[in-house]
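Read off the chains here:
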Number of protein chains: 4
Amino acid sequence: MPEGFHSSYDVRVRFAETDAQAIAHHASYVVWLEVARVAYWAEHAGGYRAIQEQGLEALTTGLQIDYRAVAAFDDVLTVHVRCVGVKGARFRYEYRVERGGELIATAETRHAMVDAETHAPTRVPPWFLEAIARAERA
Amino acid sequence: MPEGFHSSYDVRVRFAETDAQAIAHHASYVVWLEVARVAYWAEHAGGYRAIQEQGLEALTTGLQIDYRAVAAFDDVLTVHVRCVGVKGARFRYEYRVERGGELIATAETRHAMVDAETHAPTRVPPWFLEAIARAERA
Amino acid sequence: MPEGFHSSYDVRVRFAETDAQAIAHHASYVVWLEVARVAYWAEHAGGYRAIQEQGLEALTTGLQIDYRAVAAFDDVLTVHVRCVGVKGARFRYEYRVERGGELIATAETRHAMVDAETHAPTRVPPWFLEAIARAERA
Amino acid sequence: MPEGFHSSYDVRVRFAETDAQAIAHHASYVVWLEVARVAYWAEHAGGYRAIQEQGLEALTTGLQIDYRAVAAFDDVLTVHVRCVGVKGARFRYEYRVERGGELIATAETRHAMVDAETHAPTRVPPWFLEAIARAERA
C-alpha cells in the first residue's frame, strides 16, 4: 500500500474499455476512480445508498488525471484511494493506480454534497465525516 | 434510402468507441441505435422530452443486431430507422446501418411505454401513434 | 446454477452504467456479456490472449438480448454463460443474467474466429474446441 | 466565441451518456473533448488519420476538468477548443464547454506524439506545427 493510503480496490481492464491504440482508453480511468470511490463508501461509510437515502447526492465538480504508463486489455489494476480535505459541502479523493507495483496513473477528484432535488450544496453529514476520519486513520 | 425507410441520421465513429481490434466496439452500435431513435422522436414526435413530460418513459425490452461488416474510427455511418408494430404499450424499431451504401449492420429494438414512477406498462398515447403513422407513411 | 449452465461470473452495476431512467442502461449488458465471455475463456481456455497469440481474434457477428426486469446501481448480477454450436469458424454463447435468482435478462452472442490481420474466417482451433467441450460437459 | 478560441464543435448529450443523477455523467465530458480534438484535426490538420499514416499516435498524458454546471439529456453543448504549448513531442489542448453561452466546464488535456509501434516520444512533425499555428492565429 503506498504511504498515506489505507484502501485499495482492483479492476480488470475490459475489452470494451480499450481503444484502437490497443490500450485502455483514457476515459476508462474516470470510471475506475468512481468504482473505487463506491467501493470505499461501501467499505467505510454504509455505501453510496446511505448518502442517497438521506436525500443527498455527491456531485463530481473536478477531475485531474496524470497518465504515467499505458494499461492494456485484461490488466489487473489496483486503485489506491483516500478521502482528503472534507470542508463544508466539499471533499476530495486522491488516487494512485498501479499494476503490480508499477505506477500507471495518479488522480484527484473533487466533489460537492448536494441536495438530490435542488442540487444545493449541503454540509457533509457528521456520520460521513466520522466514517472518513475512521477510514483514513486506520 | 433503403426501401421502407423514411428517416435516417448520421453518426461518426468516435475514437472512444473503438476497441483493441481497431474496429468500432459492438456495444457502440446499441448507443447509435438509441441516438437514431432520439433523433427520430425529435423529427417526428416532439422529442423524447414530450414523452417524459407526460410522466412516461420508453423502456428497451429487447435488442437484436446482426453485424455484417466492421466499422472503423472516423467512419460516417448512416442509421436508417423506422418504427413498426405499435400495439398497446409496445412498439419496435428496425434499423439498417450503412456506410456510403455498404451494409454494416441490421438491427431491431423492442420497447414498452411505461409509467415513469411505477414502470407499469402504459398504452402508447394517441398523439405518439399518430406521429409514428405520419412519419412512416411519409 | 440454471440447468445447462456450468459457468457464471458476477458484475456489480457501476454508477457510470446507469442512465437518467435510474436503471442500468441497456447497452451496459453488452459489456457484461463480454466480461463473462472473457472470464469464461480465462477459466476454461487459457484466456483471450491465448487466442490472440495465435494471430486470431473472435469477432462478434450477432447479438440478441431480452430484458426481463430492470437492474439498478450497485446491484450484483450473476451472468451464467455457456458456449454452444461451434462449427467451422463460428460459435455462439448463451447467457442468463440473474440477480439473486431473479431473471434479469437472457441473451445470445454469435462470433466468428478470424485472422487478426485479414479478418478472414478461420476454423476454430482444435485446442479451443476441446476446451469448450470440457467446460460444457463439466 | 470566447476570447482566444477560434474553433468550436457541438455535441448533443446522448441518453447513454446520462446517469442515475439524471445528468450527463462526468466521464462523458472526456469523450466530448476527444470528439472536439478529432474535429479540430479534421478541420485544420488533415484529420487524425494523417497522424496515423505517418506511423504516429497522439497519446493522452494528462487531463483536467472543472465542472461548473450540470448538463442534461439532449442538451446541445458547444466545445470551444484550442491547441497550445506545442514543444518537442508534447502539446496541450484547452477547452471551454458552453450551453448557449452558459459555462458548463473548462478543461485541459495534455498529449505526447509517439511512435505507433514503440510508444517512444517523437517530435511533433513540422506540418502539424504549421497547421496548429495557422489554426490558432486565425
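Each chain carries its own residue numbering, running from 1 in the direction its sequence is written. Lettering of chains starts at A and numbering of ligands starts at 1, both following the order in which they are written. pLDDT decides what is reported in this predicted model: residues at 70 or higher carry local features, side-chain atom pairs at 80 or more are listed and counted, and totals for whole chains, interfaces and linings draw on all residues regardless. Side-chain numbers come from the whole structure's heavy atoms, not from hydrogens or water.

J.: So what's going on with the interface of chain D and chain C? Residues and values would help.
T.: Note on contacts: a residue pair qualifies if any of its non-hydrogen atoms lie within 4.5 Å across the two residues. Taken together, the eight residues of chain D in the interface contact eight residues of chain C. What qualifies as a polar contact is a pair of N or O atoms within 3.5 Å, subject to a donor-acceptor requirement within protein and to the restriction that residues adjacent in sequence count only when both atoms come from side chains. Our enumeration of links across chain D and chain C arrives at four residue pairs in polar contact (both at pLDDT 80 or more). Gly is placed with the polar residues, together with every amino acid not listed as nonpolar (Ala, Val, Leu, Ile, Met, Phe, Trp, Tyr, Cys and Pro) or charged (Asp, Glu, Lys and Arg). Grouping the amino acids of the side of chain D that touches chain C by side-chain chemistry returns four nonpolar, three polar and one charged.

J.: Run through helix H3 (residues 126-137) of chain C, naming residues and quoting values.
T.: All names here are of chain C. Each helix corresponds to a stretch of at least 4 residues labelled H or I by DSSP, and each strand to a stretch of at least 2 residues labelled E; elements are numbered beginning at the N terminus. In a helix, the anticipated span is given by 1.5 Å times the number of residues less one. Over its 12 residues, H3 extends 16 Å from the first C-alpha to the last, a length consistent with the 16 Å expected when each residue adds 1.5 Å. Throughout this description, buried means an accessible area under 20% of the type-specific maximum (1.4 Å probe, protein chains only), exposed means over 50%, and partly exposed covers the range between. The set of residues buried in H3 consists of Phe-128, Ala-131, Ile-132, Ala-135 and Glu-136. All buried residues of H3 lie within an arc of 120 degrees about the axis, which places them on one face of the element. Looking at H3, the residues exposed on the side facing more than 90 degrees away from the buried face are Pro-126 and Arg-137. In this structure, the buried side of H3 is in contact with helix H1 (28-44), helix H2 (48-52), strand E3 (76-87), strand E4 (90-99) and strand E5 (102-115). The directions considered for the arc run from the helix axis to the C-beta atoms.

J.: I'd like to hear about the relation of the copies chain D and chain C, residue by residue, with values.
T.: The two copies are related by a screw motion: chain D maps onto chain C through a turn of 180 degrees and a shift of 0.0 Å along the axis, at an RMSD of 0.0 Å. Given the turn and translation reported, the copies of this chain are related as if by a two-fold rotation axis. Taking C-alpha positions as reference, the residue of chain D nearest the rotation axis is Asp19(D), located at 1.9 Å. A high fraction, 100%, of the interface residues of chain D reappear at the interface in chain C, so the copies pair face to face through one surface. Least-squares fitting of one copy onto the other uses the C-alpha atoms of those residues that reach a pLDDT of at least 70 in both copies.

J.: Account for the packing of helix H1 (residues 28-44) of chain A against helix H3 (residues 126-137) of chain A, with residues named and values stated.
T.: All names here are of chain A. To get an axis, a line is fitted to the C-alpha atoms, and for a helix only the part in contact is used. The angle between two axes follows their N-to-C directions and goes from 0 to 180 degrees. It is at 10 Å that the axes of H1 and H3 come closest, and there the two elements cross at 95 degrees. Here H1 is positioned roughly perpendicular relative to H3, judged by the angle of their axes. On the side of H1, the interface is formed by Tyr-40, Trp-41 and His-44, while H3 contributes Phe-128, Ala-131, Ile-132, Arg-134, Ala-135 and Glu-136. Along the lines of polarity and charge, the residues of the contact of H1 with H3 split into six nonpolar, one polar and two charged. Each angle is binned into one of four classes, with values under 35 degrees roughly parallel, values over 145 roughly antiparallel, values of 65 to 115 roughly perpendicular, and all other values oblique.

J.: Could you give an account of the pairing of strand E2 (residues 56-67) of chain B, naming the residues involved and the relevant values?
T.: A regular strand carries its side chains on alternate faces of the sheet. Counting buried positions along E2(B) gives 10 out of 12 residues, so the element sits mostly inside the fold. By the convention used here, strands pair only if DSSP detects at least 2 bridges between them. Sheet analysis places E2(B) next to strand E5 (residues 102-115) of chain B, joined by 11 bridges and oriented antiparallel. For Ala58(B), the partnering residue across the bridge sits in E5(B) and is Met113(B). Pairing geometry for E2(B) and strand E2 (residues 56-67) of chain C, over five bridges, is antiparallel. Paired with Gln64(B) across the two strands is Gln64(C), which belongs to E2(C).

J.: So what's going on with the environment of Gln21(D)? Which residues, and what values?
T.: Along the chain, the position of Gln21(D) falls in the loop between strand E1 (7-12) and helix H1 (28-44). Between the alpha carbons of Gln21(D) and Ala89(D) there is a distance of 40 Å; along the sequence they are 68 residues apart.

J.: A description of the packing of aromatic side chains should follow, citing residues and the corresponding values.
T.: We call Phe, Tyr and Trp rings a pair once their centres come within 6.5 Å, taking the six-membered ring for Trp, and we label the pair stacked below 30 degrees between planes, edge-to-face above 60, and tilted otherwise. Applying the stated criterion across every chain yields a total of 52 aromatic pairs over all chains. Ring geometry for Tyr48(B) and Phe73(D): centres 6.0 Å apart, planes at 85 degrees, overall edge-to-face. Residue Tyr48(B) is located in helix H2 (residues 48-52), and its partner Phe73(D) is located in the loop between strand E2 (56-67) and strand E3 (76-87); the two belong to separate chains. With a relative accessible area of 4%, Tyr48(B) lands in the buried category. Classification of Phe73(D) as buried rests on a relative accessible area of 6%. Taken together, the aromatic side chains of Phe15(A), Phe73(A), Tyr40(C), Trp41(C), Tyr48(C), Phe91(C), Tyr93(C), Tyr95(C), Trp127(C) and Phe128(C) make up a single cluster linked through ring pairs.

J.: Please set out H1(A) residue by residue, giving values where relevant.
T.: Each full turn of the α-helix corresponds to 3.6 residues, which orients residues three or four apart in the same direction. Residues and elements named next belong to chain A. For H1, with 17 residues, the first-to-last C-alpha span of 24 Å sits near the 24 Å given by 1.5 Å per residue. Burial runs high along H1: 13 of the 17 residues are buried. At the C-terminal side of H1, Gly-46 shows a positive phi close to 80 degrees.

Treat this as a map of the structure, not an account of what it does.
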